[in-house]
Amino acid sequence: MATLDTRALRNAFGAFATGVTVITTKGADGKDYGLTANSFSSVSLDPPLLLWCLGDKTDCYETFQNAEYYAVHILADDQQNLSNQFASKGADKFAGVDVERGPGDIPMLPGSVARFVCKAAHKYPGGDHVIHVGEVLEFSQGEVEPLLFH
């Protein structure tokens, strides 16, 4: 089998327009953690499940592997700066961001299109990522347009 050009493959995957999410949790060290992801999908209504994928080289990999609770925020079209902030490496991702608190004291961001508060349910290996499946405990939905990645 021929070796695939990973940059070209990533570009091809990027041809599929998706929403943009920020996923947040609180680490065992008491710090807030978050990242931008577009690998998100609904899984089931009964029970209510969603999934998202986390790269195994991500700086907060271990934190999310051990998280009991996390929040998935579908960003609004006016939240591109927030998307960029949580996609940056090494910066204080929560600098200047007001948060609310959820189960396990997880940080929750206001102003998103939708927010899902989840309890970690399953984790599956998926190549260079881990597929996280969360049980939705509560959710909210706003009346704004979503931010899209293409």
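Keep in mind that what you see is a predicted model, and the values were worked out from it rather than measured. (Residues numbered from 1 in each chain as written. Predicted model: local features only at pLDDT ≥ 70, side-chain atom pairs only at ≥ 80, totals over all residues. Heavy atoms only, no water.)

**Student:** Could you clarify how one ought to interpret the sheet that holds strand E4 (residues 40-45) in this entry?
**Tutor:** Two modes of strand pairing occur in sheets, parallel and antiparallel, and in both the strands are linked by backbone hydrogen bonds. Pairing is antiparallel across the open sheet formed by seven strands, whose spatial order is E3-E2-E6-E9-E10-E5-E4. Each edge of the open sheet is held by one strand with a lone partner, namely strand E3 (32-37) and E4. Each strand axis lies, on average, 30° off the axis of its neighbour in the sheet, ignoring direction. Bridge count for strand E6 (residues 69-74) against strand E9 (residues 114-126) is six bridges, and the pairing is antiparallel. What sits directly across from valine 72, in E9, is phenylalanine 116. Its contacts with the sheet put helix H3 (residues 80-87) on strand E2 (21-26) and E3, and the angle it makes with E3 is roughly 115°. (Pairing = 2+ DSSP bridges. Helix = DSSP H or I, 4+ residues; strand = E, 2+ residues; numbered from the N terminus. Axes fitted to C-alpha atoms, helices over the stretch in contact; angles between N-to-C directions. Contact = heavy atoms within 4.5 Å.)

**Student:** Hey, could you run me through the side chain of serine 112 in this one?
**Tutor:** Summarising the element assignment, serine 112 is placed in the loop between strand E8 (107-108) and E9. Classification of serine 112 as buried rests on a relative accessible area of 12%. A polar side-chain atom of serine 112 sits 3.2 Å from the main-chain carbonyl oxygen of alanine 114. Once residues lying within four places of it in the same chain are set aside, the contact partners of serine 112 are His73, Ile74, Ala76, Gln79, Gly142 and Val144. (Buried < 20%, exposed > 50% of the residue type's maximum accessible area, 1.4 Å probe, protein only. Polar contact = N/O pair within 3.5 Å; in protein donor to acceptor, adjacent residues only side chain to side chain.)

**Student:** How should the packing of aromatic side chains be read in this particular structure?
**Tutor:** Geometry of an aromatic ring pair is reported as the spacing of the ring centres plus the angle between the planes. Within the structure shown, the criterion is met by five aromatic pairs. Look at tryptophan 52 and phenylalanine 64: their rings are 5.3 Å apart centre to centre, the planes differ by 80°, and that puts the pair in the edge-to-face class. Of the two residues, tryptophan 52 is situated in strand E5 (residues 48-55) and phenylalanine 64 in helix H2 (residues 61-66); the sequence distance between them amounts to 12 residues. Like phenylalanine 64, tryptophan 52 is buried. With 6.4 Å between their ring centres and 25° between their planes, phenylalanine 116 and phenylalanine 139 make a pair best called stacked. In this pair, phenylalanine 116 sits in strand E9 while phenylalanine 139 sits in strand E10 (residues 129-141), placing the two residues 23 residues apart along the sequence. Here phenylalanine 139 falls in the exposed class, since its relative accessible area comes to 61%. The rings of Phe40, Phe116 and Phe139 are connected pair by pair, giving a single aromatic cluster. (Phe/Tyr/Trp six-rings, centres within 6.5 Å; stacked < 30°, edge-to-face > 60°.)

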